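# Topology and contacts: notes
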Amino acid sequence: MSSLNKILIPFDFSEASVNALEYVVNFVGLDRSIGIMGLYVGAMPITEADSDKLGSDFVKLLDSFNVRLKVAPEFITKTGSVVKTILATQEESGADLIMMGTMGDKITDEAITNTSKLVLDANCPVISVPYGTSIKEPKSIALVLGGEKIDDKSVLETLLEIARFFNAKVHVLTIYKDSVYDEEAVKESNENLLEYYLEHFYEEHSFSKNQDVEQGILDYINEKNIDLLTILPRNHTEKSTPSEGRLTKLLTLHSEIPVLTLD
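The shown structure was predicted, so the numbers you read here are calculated from the model rather than taken from an experiment.

How each quantity is defined
- Residues numbered from 1 in each chain as written.
- Predicted model: local features only at pLDDT ≥ 70, side-chain atom pairs only at ≥ 80, totals over all residues.
- Heavy atoms only, no water.
- Pairing = 2+ DSSP bridges.
- Helix = DSSP H or I, 4+ residues; strand = E, 2+ residues; numbered from the N terminus.
- Axes fitted to C-alpha atoms, helices over the stretch in contact; angles between N-to-C directions.
- Contact = heavy atoms within 4.5 Å.
- 1 Å grid on protein atoms, 1.4 Å probe; cavity = no way out; pocket = protein on both sides within 12 Å on 5 of 7 lines; lining within 4 Å.
- Points joined across faces, edges and corners; volume = space filled by probe spheres on them.
- Expected span 1.5 Å × (residues − 1).
- Buried < 20%, exposed > 50% of the residue type's maximum accessible area, 1.4 Å probe, protein only.
- Core = buried A, V, L, I, M, F, W, Y, C linked by side-chain atoms within 4.5 Å.
- Salt bridge = Lys/Arg side-chain N within 4 Å of Asp/Glu carboxyl O.
- Parallel < 35°, antiparallel > 145°, perpendicular 65-115°, else oblique.
- Left-handed = near helix turned anticlockwise from the far one by under 90°.
- Nonpolar A, V, L, I, M, F, W, Y, C, P; charged D, E, K, R; others polar.

## Considering the sheet that holds strand 7 (residues 169-176)
Taken together, the ten strands give an open sheet; going across it, the order is 3-2-1-4-5-10-9-6-7-8, and neighbouring strands pair in mixed fashion. Every interior strand has two partners, whereas the edge strands, strand 3 (74-79) and strand 8 (202-209), have only one. Strand-to-strand, the axes of this sheet are offset by a mean angle of 25 degrees, without reference to chain direction. As judged from the three bridges shared by strand 9 (residues 228-231) and strand 10 (residues 259-261), these two strands associate in the parallel manner. Bridge pairing in strand 10 links Thr 230 to Leu 260. Against the sheet, helix 1 (residues 15-28) makes contact with strand 1 (6-10), strand 2 (35-42), strand 4 (97-102) and strand 5 (126-130), and its axis sits at roughly 170 degrees relative to strand 1, the strand it touches most.

Next comes the structure, spelled out in structure tokens:
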């Protein structure tokens with residue numbers, strides 16, 4: 001039985017959100033019984049007539065993608081701050097995954113978009129979909145791990161589900177800033193877990209030294225023709241201090257392919 005039954009997509013009719021909606025529809029496809037819930041968040045109260053018009057426009061966009069979904073999509077409107085409303089709606093609706101479009105920011109490192117904030121605050125998996133990304137099935141997935149042992153094994157469930165959906169290979173990457181001193185020890189501590197939880201979709205575990213971790217990840221994406229980047233923003237590791245999320249934010253801003261954050 002699938003663990004993905006409903007996807008929540010924040011939708012404001014921007015180019016980034018339209019691109020993300022097309023990605024979601026392609027992700028769900030013709031055969032999967034996964035519901036899509038569109039959420040429009042307004043700063044001011046929305047009249048019933050305006051809400052109905054937004055819902056109608058949302059359905060027209062879905063129809064334009066020429067994909068007959070198995071589960072009829074939903075569309076709701078709410079008023080409030082964007083990120084808080086999205087998170088509250090995810091909990092209320094029981095959505096298993098949030099997919100959200102982003103324009104990103106490839107020039108500066110200081111930008112904070114709603115999407116980059118959402119991925120750090122969410123208590124569920126989130127896929128950020130950068131504007132301009134190719135609308136295609138992810139066949140090659142990269143999972144970025146630090147040097148610590150994974151202790152929250154259940155966090156890999158969504159990744160495994162996606163790999164099963166698309167018969168995708170999962171490439172694991174660990175980047176060191178300094179020495180690859182404990183490479184073999186780290187590899188051994190996680191190898192059995194990765195092979196067990198990722199089944200035959202697990203392809204390899206690569207180690208690389210790079211002072212710029214983000215650049216090392218982006219280079220790896222290009223080198224391996226990765227379609228989906230996966231990261232653990234909370235680290236989910238034993239005896240480690242959760243990061244402040246800087247790398248997660250940067251990858252969400254700078255990546256040209258979708259980024260799955262697991263939580």
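Moving on from the coordinates now.
## What to know about the layout of surface pockets
Computed from the structure, the second largest pocket encloses a volume of approximately 330 Å³. What lines the second largest pocket is a set of 17 residues, among which Ile 221, Asn 222, Ile 226, Glu 256 and Ile 257 lie closest to the centre.

## What about helix 3 (residues 82-93)?
Because an α-helix completes one turn every 3.6 residues, residues spaced three or four positions apart along the sequence face the same direction. In a regular helix each residue adds 1.5 Å, so twelve residues correspond to 16 Å; helix 3 covers 16 Å between its end C-alpha atoms and thus fits that length. Residues of helix 3 that are buried include every one of Val 83, Thr 85, Ile 86, Leu 87, Thr 89 and Gln 90, and no others. In this structure, the buried residues of helix 3 make contact with strand 1, strand 2, strand 3, strand 4 and helix 4 (114-121). Looking one or two places after helix 3, you find Gly 94, whose phi comes out positive at around 75 degrees.

## Section: the nonpolar core
One broad trend across soluble globular proteins is that nonpolar side chains are buried collectively. Grouped together as the largest cluster of nonpolar side chains are 47 residues, with contacts concentrated most on Phe 27, Ile 127, Ile 162 and Val 170. Sort the elements by how many residues they give to this core and helix 1 lands first, with seven residues. Ignoring sequence-local partners within four residues, the contact set of Phe 27 consists of Leu 4, Ile 7, Arg 32, Met 99, Ile 127, Ile 162, Phe 165 and Phe 166.

## Side note on the pattern of salt bridges
When their charged atoms lie close together, side chains carrying opposite charge are able to pair. If you walk through the whole model with that rule in mind, you get eight salt bridges. Note that Asp 57 is salt-bridged to Lys 53, the shortest N-O span being 2.8 Å. Of this pair, Asp 57 and Lys 53 both sit in helix 2 (residues 48-64), separated by four residues, roughly a single helical turn. Here Lys 78 makes a salt bridge to Glu 92, at a shortest N to O gap of 2.6 Å. Of the two residues, Lys 78 sits in strand 3 while Glu 92 sits in helix 3, which places them 14 residues apart along the sequence. Taking the relative accessible area as the measure of exposure, Lys 78 reaches 24% and is therefore partly exposed. Taking the relative accessible area as the measure of exposure, Glu 92 reaches 59% and is therefore exposed.

## Notes on the packing of helix 7 (residues 213-224) against helix 8 (residues 246-254)
Running from N to C, helix 7 and helix 8 point in directions that differ by 40 degrees, and their axes come no closer than 10 Å. Here helix 8 runs oblique to helix 7, going by the angle between their axes. Considering how the two elements wind past one another, helix 7 and helix 8 form a crossing that is right-handed. In this structure, helix 7 contributes Val 213, Glu 214, Ile 217 and Leu 218 to the contact, and helix 8 contributes Leu 247, Leu 250, Leu 251 and His 254. Its residues assigned to classes, the contact of helix 7 with helix 8 comprises six nonpolar, one polar and one charged.

All we've got here are geometric facts, nothing functional implied.
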